[in-house]
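So the chains spell out like this:
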Amino acid sequence: MDRIKGVELTGAEIVVRCLQEEGVEHVFGYPGGAVLYIYDELFKQDKVKHVLVRHEQGAAHAADGYSRASNKVGVCLVTSGPGLTNAVTGIATAYMDSIPMVVLVGQVPTHAIGLDAFQEVDTVGITRPCVKHNFLVKDVADLAPTIKKAFYLATTGRPGPVLVDIPKDITTLSTEFLYPETVSMRSYNPVTKGHGGQIKKAVQLLLEAERPMIYTGGGVVLSNAAQQLTELVRLLGYPVTNTLMGLGAYPATDKQFLGMLGMHGTYEANMAMHNCDVLLAVGARFDDRVIGNPANFALNPRKIIHIDIDPSSISKRVKVDVPIVGNVSEVLDEFLRLIKAGAQRPDGAKLKSWWKTIEEWRGRDCLKYDHASKIIKPQFVVEKLYEVTGGDAFITSDVGQHQMWAAQFYKFDKPRRWINSGGLGTMGFGLPAAMGAQMANPGATVACVTGESSIQMCLQELSTCKQYRLPIKIVSLNNKYMGMVRQWQEFFHGNRYAESYMDALPDFVKLAEGYGHRGVQITKPEDVEPALRDAFKRKNELVFMDFLTDQTENVFPMIPGGKGISEMILSEEL
Amino acid sequence: MRHIISILLENEAGALSRVSGLFSARAYNIESLTVAPTEDASMSRMTIVTRGSEDVVEQITKQLNKLVEVVKVVDLSEAEHIERELMLIKVRAGTKEREDMKRMADIFRGRIIDVSDNTYTIELTGAGQKLDAFIQALDASAILETVRTGASGIGRGNRILRA
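How each quantity is defined
What you see as residue numbers is a count from 1 along each chain, following the sequence as written. Just so you know, chain letters begin at A and ligand numbers begin at 1, following the order they were written in. The predicted origin of the model limits local features to residues at a pLDDT of at least 70 and limits the giving and counting of side-chain atom pairs to 80 or more, whereas totals for whole chains, interfaces and linings rest on all residues. Runs of H or I in DSSP of at least four residues are treated as helices and runs of E of at least two as strands, each being numbered from the N terminus. Exposure in this text rests on C-beta crowding, where 20 or more other C-beta atoms within 10 Å of a residue's own make it buried, 12 or fewer make it exposed, and counts in between make it partly exposed. The C-beta atoms are placed from the backbone. As a reference, a globule follows 2.2 Å times the number of residues to the power 0.38, and the radius of gyration itself is taken over C-alpha atoms. A pair of residues counts as a contact when their C-beta atoms, built from backbone coordinates, are separated by no more than 7 Å. The residue classification treats Ala, Val, Leu, Ile, Met, Phe, Trp, Tyr, Cys and Pro as nonpolar and Asp, Glu, Lys and Arg as charged. All others, Gly included, are polar. At least two DSSP bridges between two strands are required for those strands to pair. Helix axes are fitted to C-alpha atoms over the stretch in contact, other axes to C-alpha atoms as well, and angles between N-to-C directions run from 0 to 180 degrees. These descriptions rest on fixed angle ranges, namely under 35 degrees for roughly parallel, over 145 for roughly antiparallel, 65 to 115 for roughly perpendicular, and the rest for oblique. Left-handed describes a crossing whose near helix is turned anticlockwise from the far helix through less than a right angle; right-handed describes the clockwise counterpart. Each residue carries a pLDDT score, the predictor's confidence in it, ranging from 0 to 100.

Caption draft 1: Local environment of the overall build of chain B. Secondary structure assignment for chain B yields four helices and nine strands. Starting at the N terminus and ending at the C terminus, chain B contains elements arranged as β-α-β-β-α-β-β-α-β-β-α-β-β. The principal-axis extent of the C-alpha atoms belonging to chain B is close to 55 × 35 × 35 Å. Relative to its full complement of 163 residues, chain B shows a buried share of 28%.

Written as structure tokens, this is what we have:
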């Protein structure tokens, strides 16, 4: 794009020009006093489209969902004070899941900072622990270089949200606009290429494995390495599991896929993880919901190879034998090149015997549930959702039982189709994230699997969906409980259901209608599929499906918090 | 184990709170922290004394390296290094104590840098243990005020930390 040499632009004009230079098409935001000049400039152009949410949390989640579903940077714009504090949950959500986002925030004028001005808050201080980096712009001359840095930091290395705090007076002052072409920071040089010697060692270890296991996480999705992962897994013939964040990185319908692992992962995935002799961990971080108690995990000796772009993720909870710091996609390319160039292949006989053991585990059919039930089983709804959408939808979720059932029963064959708050576990994420996913993929099928509790946390966004004609399908698994809380209370708190029952639920059908959408309530198993078929036929309409599901259904398998993989509870054991 | 970590970081507003915030957020321990600009005014040098297992200290250095404004991190205690701390200590020095106090300061190679009718202010540098020993050697009731900088450290010989 042309440089306007010698032409002075105001800070507000610069903000909008920077967004244009970055190729930003959508900004999710909410106006307010401190950002009025920026909004004025947005109004005067049509390259950057602004999406008006109904609450700033929705703006952050929508920008986040937009990024996850498109591999673009999600951008949101909020005003100072409460505008920013409302967005913090969304920023922290993106931070925990390493989502590249740029958050532009208005601030009170520089001369008023520190004087407890109206709608003043220490934005940089509040967000410091939940952003990859943040900036306060104190000079209009720094504005364009700072925004450039923000996009650079958000997208390179381990991605994450970067925030730019812009005082109101900065948006009115003028300076010559020059958008830097590149960024150079002496303190920030992320590694991308893995260490050659370590990769050689890893490949050797992997080829000599007798009971190998490949465990992959969100890093594979973030570095767009699904294709390399799939090729590697097939070339080796090894079993593979994905974390909650990694679903879709390997086709879930493939026989080498053992399902998701972790607290609510499959028996076969967790058992293979526990009993393998060589573990290849790719873009995953051995977190507490994945391996449970590290002491229990360490009971079985195994060699661990760990590929991650963030050195601090390596040997954080579990000691690793071969650490490889680098971009997952580049490192996997190197793995493939080395294996193909060499003559050595895995030991077929040993691998066959390992697969035999795995098939026995798989034979436990750990995800079975009562198909003959007269009450709608939540798992059944997700299975039908998968069938009706042909497995090709973008599925967002909120947090709780429905999230786990969606992860277990919707078979994701492609990356970036499963969008959920894995790290922070943010209820209220699903609907605004679906808006972002739909904005990024206008013609695509987008569904939000949610529950009657989660959906109420960002319900106001139904109004945004109306304004922008977003034909999202809301699949609400309504069991009238905060299901996951209820499940823990049943298992660990003597059936004392403290405050987990939502009394006085709204009539969701009327509520959807009130926002100008279509609402339906489904009460019988035989009506599930017809309702879904009817809803997904309506290409231009948001349909809120309120499925009244079995109130007592629990998510299995389950590894209780703090326990080890070998202490899993299966449904038949209760 | 006690570790002494040296950090080169951008001399920017907020950089210190990023470091201290990291320590409190991840429940790492800080025994002392000292920071000032280097010969290059755009850069600060920070010394942090912390305690933790090898695993924890490995995480501390990795997490510090992750901060965007941090240029370099080194665990000085991994090899030969020198550390020094400065203490300013104000002690009672009336006619009765004056002689003894002067002698004590001399023994520890302290310098008396301020004198009043009934006080001395003594400047003392050295490793932390030396400063502790000086405090121990004094009668507790004679100590009116102590100010310590916390340790600053540097590698021995050719071990150099630069951007």
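Caption draft 2: View of the overall build of chain A. A tally of regular secondary structure across chain A gives 22 helices and 20 strands. Over its C-alpha trace chain A gives a radius of gyration of 24 Å, about what one expects of a compact globule, namely 25 Å for 574 residues. The burial tally for chain A puts 56% of its 574 residues in the buried class. Put simply, 77% of the contacts in chain A that link residues at least 6 apart link residues at least 24 apart.

Caption draft 3: Spatial organisation of the interface of chain B and chain A. Every contact between the two is made by 16 residues of chain B and, on the other side, 12 residues of chain A. When residues of the side of chain B that touches chain A are traced back to their parent elements, those giving at least two are helix H1 (15-25), helix H2 (54-66) and strand S4 (70-75) of chain B. With five residues, the top contributor of residues to the side of chain B that touches chain A is H2(B). Taken together, the residues of the side of chain B that touches chain A break down into five nonpolar, five polar and six charged.

Caption draft 4: Quick peek at the sheet that holds strand S1 (residues 2-10) of chain B. Residues and elements named next belong to chain B. The strand order across the open sheet formed by four strands is S2-S3-S1-S4, and the pairing between neighbours is antiparallel. In this open sheet, the two edge strands, each paired with only one partner strand, are strand S2 (32-37) and S4. Strand after strand, the sheet turns through a mean of 15 degrees between neighbouring axes, direction not considered. Inspection of the sheet shows S1 paired to S4 by five bridges, in the antiparallel sense. Each residue of the ladder has a partner; that of Ile7, found in S4, is Val73. Across the sheet, H1 lies against S1, S2 and strand S3 (43-51), angled at about 150 degrees from S1, the strand it touches most. With respect to the sheet, H2 is in contact with S1, S3 and S4, its orientation differing from that of S4 by roughly 165 degrees.

Caption draft 5: Structural detail: the packing of helix H3 (residues 56-70) of chain A against helix H4 (residues 82-96) of chain A. Residue and element names in this part refer to chain A. Between H3 and H4, whose axes approach to 7 Å, the crossing angle comes to 30 degrees. Taken together, the axes of H3 and H4 lie roughly parallel to each other. The two elements H3 and H4 meet at a crossing, and its hand is right-handed. On H4, the residues touching Glu56, Gln57, Ala59, Ala60, His61 and Asp64 of H3 are Gly83, Asn86, Ala87, Thr89, Gly90, Ile91, Thr93 and Ala94.

Caption draft 6: The arrangement of the environment of Glu21(A) in detail. Topologically, Glu21(A) is positioned in helix H1 (residues 11-21). In the structure, Glu21(A) is positioned 127 residues away from Lys148(A) in sequence and 9.3 Å away in space, judged by C-alpha atoms.

Caption draft 7: Highlighting the sheet that holds strand S3 (residues 49-52) of chain A. Residue and element names in this part refer to chain A. Pairing is parallel in the open sheet, where six strands are placed in the order S3-S2-S4-S5-S7-S6. Both outer strands of the open sheet, S3 and strand S6 (133-136), are each paired with one neighbouring strand and no more. With strand direction ignored, the average angle separating the axes of adjacent strands in the sheet is 20 degrees. Pairing of strand S4 (residues 74-78) with strand S5 (residues 101-107) involves five bridges; the strand directions are parallel. Note on S5: the bridge partner recorded for Val75 is Val102. Along the sheet, helix H6 (residues 140-155) contacts S5, S6 and strand S7 (161-167); its crossing angle with S7, the most-contacted strand, is approximately 165 degrees.

Caption draft 8: Structural context of unusual backbone geometry. Residue and element names in this part refer to chain A. Between Phe556 and the following residue, Pro557, the backbone shows a cis peptide bond with an omega angle of -5 degrees. Structurally, the position occupied by Pro557 is in the segment after strand S20 (543-548). We note that Asp116 has phi near 55 degrees; this positive angle belongs to a residue other than glycine. If you trace the backbone, Asp116 turns up in the loop between S5 and helix H5 (123-127). Although it is not a glycine, Phe286 adopts a positive phi angle of roughly 50 degrees. Among the structural elements, Phe286 can be located in the loop between strand S12 (278-282) and helix H12 (288-291).

Caption draft 9: Here's a closer look at the environment of Val75(A). Residues and elements named next belong to chain A. In this fold, Val75 is placed in strand S4. Placed 76 residues apart in sequence, Val75 and Phe151 show a C-alpha to C-alpha distance of 9.6 Å. Filtering out sequence-adjacent residues up to four positions away, Val75 remains in contact with Leu19, Val24, Val27, Ala63 and Val102.

Caption draft 10: How the structure looks around the pairing of S3(A). By the bridge criterion, four bridges tie strand S2 (residues 26-29) of chain A to S3(A) in an arrangement that is parallel. Residue pairing for S3(A): Val27(A) is matched across the bridge by His50(A).

Caption draft 11: Focus on the confidence of the model for chain B. Residue-level pLDDT values for chain B average 96, and 100% of them are 70 or greater. With a pTM of 0.96, the predicted complex shows an ipTM of 0.93.

Caption draft 12: Molecular detail of the packing of helix H8 (residues 196-207) of chain A against helix H14 (residues 328-341) of chain A. Residue and element names in this part refer to chain A. Two elements in contact, H8 and H14, have axes whose closest approach is 10 Å; the angle formed by their N-to-C orientations is 60 degrees. When the axes of H8 and H14 are compared, the pair comes out oblique. In this structure, H8 crosses over H14, and the sense of that crossing is right-handed. In contact with Ile199, Lys200 and Val203 of H8, H14 contributes Val331, Glu334, Phe335, Leu338 and Ile339.

Caption draft 13: The environment of Gly194(A), seen in detail. Residue and element names in this part refer to chain A. On the secondary structure map, Gly194 appears in the loop between strand S8 (174-176) and H8. The class for Gly194 is buried, based on 24 C-beta atoms found within 10 Å. When the C-alpha atoms of Gly194 and Ile307 are compared, they prove to be 8.4 Å apart, with 113 residues separating the residues in sequence. Once you skip the residues sitting within four places of it in the chain, Gly194 turns out to touch Ile199, Ile307, Ile324, Val325, Gly326, Glu330, Val331 and Glu334.

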